[in-house]
Amino acid sequence: MSRADAPAASLYHRVVVWLLFLILLLPLAGTLLYSLATSWSATILPDGLTFKWYLELWGEPRFLKAFGQSLLVCFGALALSVVLILPLLFVVHYHFPKLDAVMNVLILLPFAVPPVVSAVGLLQLYGSGPLAMVGTPWILIGCYFTIALPFMYRAITNNLQAINLRDLMDAAHLLGASTWKAAFVVVLPNLRKGLMVSLFLSFSFLFGEFVFANLLVGTRYETLQVYLNNMKNSSGHFNSALVISYFFFVLVFTWAANRLNRDKA
């Protein structure tokens, strides 16, 4: 390609990228406009704009309760994942590196079983008896923990391989640090980016999860997605406001986390 053709090729690629971006953005823009419409039926544009549906949504106690319960379950599952997966990964990569291949297979097992099949098995196992947890947030936290494991394992494993764990630990030992002190003071700060990526990815996936939440807890512990499903027969403007609020929260959360990550880099 000649130098004269380079600007034309660059412009073509930019146009294609922006067109794809607009195509992906159109459904969200339509939902946003519908959530702000007073009424919109037989005209190209809505008859008027209003914030009525957002005020109604954010003033409803049932929605606020479902929103808070979704956050509680997601953060609980992610906290449990961090507490369990970080020490496990450190031990595997530092003391038993040959087990990494086995862990790669085991960690993907939750994705090998369809969610409906897993949910039915959990209902049979925890539906009665001394471990009856169906309908409580505890079974959802445990279930979400297994879903988050593959995301966290892969992201943190890639980070551990990139920082050369054994060399870092050997250098810390030469400077007089114990194994655990080296792990907390030297290794853990270097895992921050991999840990943040895994947490954001897992949170985005868990916050929108519906199958397990609907089958395992349903209305007994209503999460945001279950609430959205239960409100499907209500006003379309109200549901559009709910969807836009969900996307806006995820967008703001991701932006804030990336900003915090960049500021600390």
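Residues numbered from 1 in each chain as written. Predicted model: local features only at pLDDT ≥ 70, side-chain atom pairs only at ≥ 80, totals over all residues. Heavy atoms only, no water.

1. Things to note about the packing of aromatic side chains
Piece 1. Evaluated as defined, the whole model comprises 18 aromatic pairs.
Piece 2. Ring geometry for Phe151 versus Phe205: centroids 5.4 Å apart, planes at 45 degrees, classification tilted. In this pair, Phe151 sits in helix H7 (residues 137-163) while Phe205 sits in helix H10 (residues 192-207), placing the two residues 54 residues apart along the sequence.
Piece 3. Geometrically, the ring pair formed by Phe203 and Phe207 is stacked, given 5.3 Å between the ring centres and 20 degrees between the ring planes. In this pair, Phe203 and Phe207 both sit in helix H10, four residues apart, roughly one turn of the helix. In terms of burial, Phe203 and Phe207 fall into one category: buried.
Piece 4. In textbook terms, an aromatic cluster arises when at least three aromatic residues are bridged by ring pairs, as seen for Trp58, Phe63, Phe67, Phe75, Phe203, Phe207, Tyr227, Tyr246, Phe247 and Phe249.
Piece 5. Positioned over the ring face of Trp53 is Lys52, at 4.5 Å from the centre of the ring. (Phe/Tyr/Trp six-rings, centres within 6.5 Å; stacked < 30°, edge-to-face > 60°. Helix = DSSP H or I, 4+ residues; strand = E, 2+ residues; numbered from the N terminus. Buried < 20%, exposed > 50% of the residue type's maximum accessible area, 1.4 Å probe, protein only. Lys NZ or Arg CZ within 6 Å of the ring centre and 35° of its normal.)

2. Some remarks on the UniProt feature "transmembrane region" (unreviewed entry) in the chain
Piece 1. Under the UniProt annotation, the feature "transmembrane region" (unreviewed entry) is placed at residues 67-92, 104-126, 138-156, 168-188, 194-217 and 238-257.
Piece 2. Helix makes up 83% of residues 104-126 and strand 0%, and the two end C-alpha atoms of the span are 28 Å apart.
Piece 3. Spanning residues 194-217, this segment combines 83% helix with 0% strand, and its end C-alpha atoms are found 32 Å apart. (UniProt positions renumbered as here; feature names shortened; annotations may be inferred.)

3. Topic: the domain arrangement of the chain
Piece 1. Taken domain by domain, the chain holds domain 1 (5-49) and domain 2 (60-261).
Piece 2. The C-alpha centroid of domain 2 is placed 33 Å from the C-alpha centroid of domain 1.
Piece 3. Domain 1 puts nine residues into the contact, and the matching count from domain 2 is seven residues.
Piece 4. Carbon and sulfur atoms make up 76% of the surface buried where domain 1 meets domain 2, a total of about 600 Å² over both sides.
Piece 5. Taken as a group, Leu28, Tyr34 and Ser35 account for 63% of the area that domain 1 buries against domain 2, more than any other trio of residues on that side.
Piece 6. Connecting domain 1 to domain 2 are zero salt bridges.
Piece 7. Here domain 1 is connected to domain 2 by two residue pairs in polar contact (both at pLDDT 80 or more).
Piece 8. Its residues assigned to classes, the side of domain 1 that touches domain 2 shows five nonpolar, four polar and no charged. (Domains from an automatic or database assignment. Contact = heavy atoms within 4.5 Å. Buried area = accessible area lost by both parts, 1.4 Å probe. Salt bridge = Lys/Arg side-chain N within 4 Å of Asp/Glu carboxyl O. Polar contact = N/O pair within 3.5 Å; in protein donor to acceptor, adjacent residues only side chain to side chain. Nonpolar A, V, L, I, M, F, W, Y, C, P; charged D, E, K, R; others polar.)

4. Considering the nonpolar core
Piece 1. Counting 39 residues, the largest nonpolar core has Leu140, Tyr144, Leu206, Phe207, Phe212, Leu216 and Tyr227 as its most contacted members.
Piece 2. Residue contributions to this core peak at eight residues, all from helix H3 (residues 61-95).
Piece 3. With residues up to four places along the chain from it excluded, the contact list for Leu216 reads Ala119, Leu122, Leu123, Val134, Gly135, Ile139, Leu140 and Cys143.
Piece 4. Of all hydrophobic cores here, the second largest spans 23 residues; its members include Leu86, Val92, Met169 and Leu195. (Core = buried A, V, L, I, M, F, W, Y, C linked by side-chain atoms within 4.5 Å.)

5. A look at the packing of H3 against H7
Piece 1. Viewed as axis vectors pointing N to C, H3 and H7 meet at an angle of 40 degrees, and their least axial separation amounts to 7 Å. The angle between H3 and H7 places the two elements in the oblique class. Where H3 crosses over H7, the two elements pack in a sense that is right-handed. (Axes fitted to C-alpha atoms, helices over the stretch in contact; angles between N-to-C directions. Parallel < 35°, antiparallel > 145°, perpendicular 65-115°, else oblique. Left-handed = near helix turned anticlockwise from the far one by under 90°.)

6. Concerning unusual backbone geometry
Piece 1. Even without glycine at this site, Asn164 takes up a positive phi of about 60 degrees.
Piece 2. One can find Asn164 in the loop between H7 and helix H8 (165-174).

7. Things to note about H7
Structurally, the α-helix is built with 3.6 residues per turn, so residues lying three or four positions apart point the same way.
Piece 1. Here H7 contains 27 residues, and its C-alpha end-to-end distance of 37 Å stays within 8% of the 39 Å for a straight helix at 1.5 Å per residue.
Piece 2. Remark: the principal bend of H7, roughly 35 degrees, maps to Ala148, with a proline, Pro150, within the next four residues.
Piece 3. Of all 27 residues in H7, 20 are buried, a share of seventy percent or more.
Piece 4. One or two positions beyond H7, positive phi appears at Asn164, with a value near 60 degrees. (Expected span 1.5 Å × (residues − 1). Bend = angle between axes of the 7 residues up to and from the residue.)

8. Describing the confidence of the model for the chain
Piece 1. Model confidence for the chain is summarised by a mean pLDDT of 83, while 94% of its residues fall at 70 or above.
Piece 2. When mean pLDDT is taken per element in the chain, helix H11 (residues 211-216) scores highest with 90 and helix H5 (residues 109-112) scores lowest with 77. (pLDDT = per-residue confidence, 0-100.)

9. Some details on the packing of H8 against helix H9 (residues 179-190)
Piece 1. Packing of H8 against H9 leaves a shortest axis separation of 10 Å and a crossing angle of 130 degrees. Taken together, the axis directions place H8 and H9 in an arrangement best described as oblique. At the point where H8 passes H9, the crossing takes the right-handed sense. Mapping the contact onto sequence places Leu165, Leu168, Met169, Ala172 and His173 in H8 and Thr179, Ala182, Ala183, Val186, Val187 and Asn190 in H9.
Piece 2. Looking at the contact of H8 with H9, its residues break down into eight nonpolar, three polar and no charged.

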